[in-house]
Amino acid sequence: MSSTAENATEIRPFRVDMPDEAIADLRRRIAATRLPSKELVADRSQGVQLATIQELARYWAAGYDWHACEAELNALPQFTTEIDGVNVHFIHVKSPHENALPLIMTHGWPGSVIELLGSVGPLTDPTAHAGAAGDAFDLVLPSIPGYGFSGEPTETGWYAGRVAQAWAELMRRLGYTRYVAQGGDQGASVTDAMGRHAPEGLAGIHTNLLVTALGGGAMPAETEQERAAAEQLATFRQSGFGYFLEQATRPQTIGYALLDSPLALAAWMLDHDTDAYYKISRAFVDGQPSGGLTRDHILDNITLYWLTGTGASAARSYWESGRAQALAAGQAPPQVKLPVGFTTFTGEIFRAPRSWVELGYPTLMGAVGSHRAGHQSGAGDLAPAAPGG
């Protein structure tokens, strides 16, 4: 192997160190923002409410401390390595327990590895969190190309399937010959693709967003659970789908605002499904956080997007997914033959019934659960993941 090839596959330590000038520039831009007038309705039907953005801006400029998040990240082993021409950032925490099962977890949008930090302790050292040593994992948390500290793709084609192939190479490069994968939101698409490609060493997958129900095809609506899920999906498509359509069709257009205005970025990331939006709004306006949706956790994630300048490149992942789906129209995807686990949370955009999950994953193992803790939401919310979420 040539020295050039060796350098390309090298795993290099990484440390977050954002300059103070970047923080000062962020605060200047917040102060200089031109805000629209107050919305003409009493709810969020016209978008992110002015009071929410005003409180977020006030705290972001005067009360928020990015360096606390930076320290939390730097307390964990972080690395980068080049895969398929893109520099990939990842956190790699080995369990203190022998024979821990390697697990690669993928974040979503508008998330990042930050939304997964709460899972590190419980998953790698379960005995310190009322768990059993047999439940321990070696944890790999990569940043999707175009997100966070990973490099930005310079060519098209980085859809979920290509990311899935990169993750298989990452796990091979780390020396893992048997591992499992988990993901929610965009991470669920990547994990689904891993299950369908079934790279050597992958023993099973777990997701908490049913991507097979989001493709637009008709799902059964015969039982009460199925009808409720169908109604929830219809509501999301009517009132929470704007970001999806824009990013899937015009990511470059919205990217100009996301890279130029911190509050445009914040509003864009907050304007999601109704449940997630109101929880975030209450954290700022009423000082009432919901689970892990504190002001600091929300702003950790938004600030990461701002400081890394990844608003547009992350949005392009939706365009890539849409393009890949269009190219594959009429072709049945490979079946997932590996064991599959699935969890539905009460705060998801729709609560997938077991019947829907089994349609997409005939190898579903165990029961579909329901948890109330903070989670890696299919709604793409900004809360840290719960253990195994």
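Here we summarise the structure given alongside this text. As a convention, each chain's residues are numbered from 1 in the sequence order in which they are written. A pLDDT threshold of at least 70 governs which residues receive local features in this predicted model, and a stricter bar of 80 or more applies before side-chain atom pairs are shown or counted, although totals over entire chains, interfaces and linings include all residues. Side-chain metrics rest on all non-hydrogen atoms present in the structure, leaving aside hydrogens and water.

So, about the environment of alanine 61. Note that alanine 61 resides in helix α3 (residues 50-62). Each residue is assigned to one of three classes by its accessible area relative to the maximum for its type, calculated with a 1.4 Å probe on protein chains only: buried under 20%, partly exposed between the two thresholds, exposed over 50%. The class for alanine 61 is partly exposed, based on a relative accessible area of 29%. Considering only alpha carbons, one finds alanine 61 and proline 289, 228 residues apart in sequence, at a separation of 19 Å. The contact criterion used throughout is that any non-hydrogen atoms of two residues lie within 4.5 Å. Sequence-distant contacts of alanine 61, that is, excluding residues within four places in its chain, are made with Arg27 and Ile30. Helix and strand definitions here come from DSSP, where helices need a minimum of 4 consecutive H or I residues and strands a minimum of 2 consecutive E residues; each element is numbered from the N-terminal end.

For the rest of this paragraph, the subject is helix α7 (residues 186-197). Any helix carries an expected span of 1.5 Å times its number of residues minus one. Between its first and last C-alpha atoms α7 spans 17 Å; for 12 residues at 1.5 Å apiece the expected length is 16 Å, and the two agree. Counted residue by residue, α7 has 10 buried out of 12 residues, so it is predominantly covered. Where α7 is buried, its residues meet β4 (101-106), α6 (160-173), β6 (179-183), β7 (202-207), α14 (311-327) and α15 (354-360). Positive backbone phi, at 50°, marks alanine 198, one or two positions downstream of α7.

The rule is short: rings of Phe, Tyr and Trp, with Trp giving its six-membered ring, pair when the centres are within 6.5 Å, and they are stacked under 30 degrees, edge-to-face over 60, tilted in between. Following the criterion strictly, the structure yields 13 aromatic pairs and no others. Ring geometry for phenylalanine 14 against phenylalanine 149: centres 5.3 Å apart, planes inclined by 50°, an arrangement best described as tilted. With phenylalanine 14 in strand β1 (residues 12-14) and phenylalanine 149 in the loop between β5 (137-142) and α6, this pair connects stretches of sequence that are 135 residues apart. Classification of phenylalanine 14 by relative accessible area gives partly exposed; the value is 24%. When the ring of phenylalanine 236 is compared with that of tyrosine 243, the centres are 6.4 Å apart and the planes differ by 55°; the resulting orientation is tilted. Under the relative-accessibility criterion, phenylalanine 236 is labelled buried at 5%.

The topology assignment puts glutamate 70 in helix α4 (residues 66-74). For this analysis, a polar contact is any N or O atom pair within 3.5 Å, provided that within protein one partner can donate a hydrogen and the other can accept it, and provided that sequence-adjacent residues contribute only side-chain to side-chain pairs. Within the structure, glutamate 70 has its side chain in polar contact with the side chain of tryptophan 66 (distance 2.9 Å). Setting aside chain neighbours within four positions, we find glutamate 70 in contact with Val16, Asp17 and Met18.

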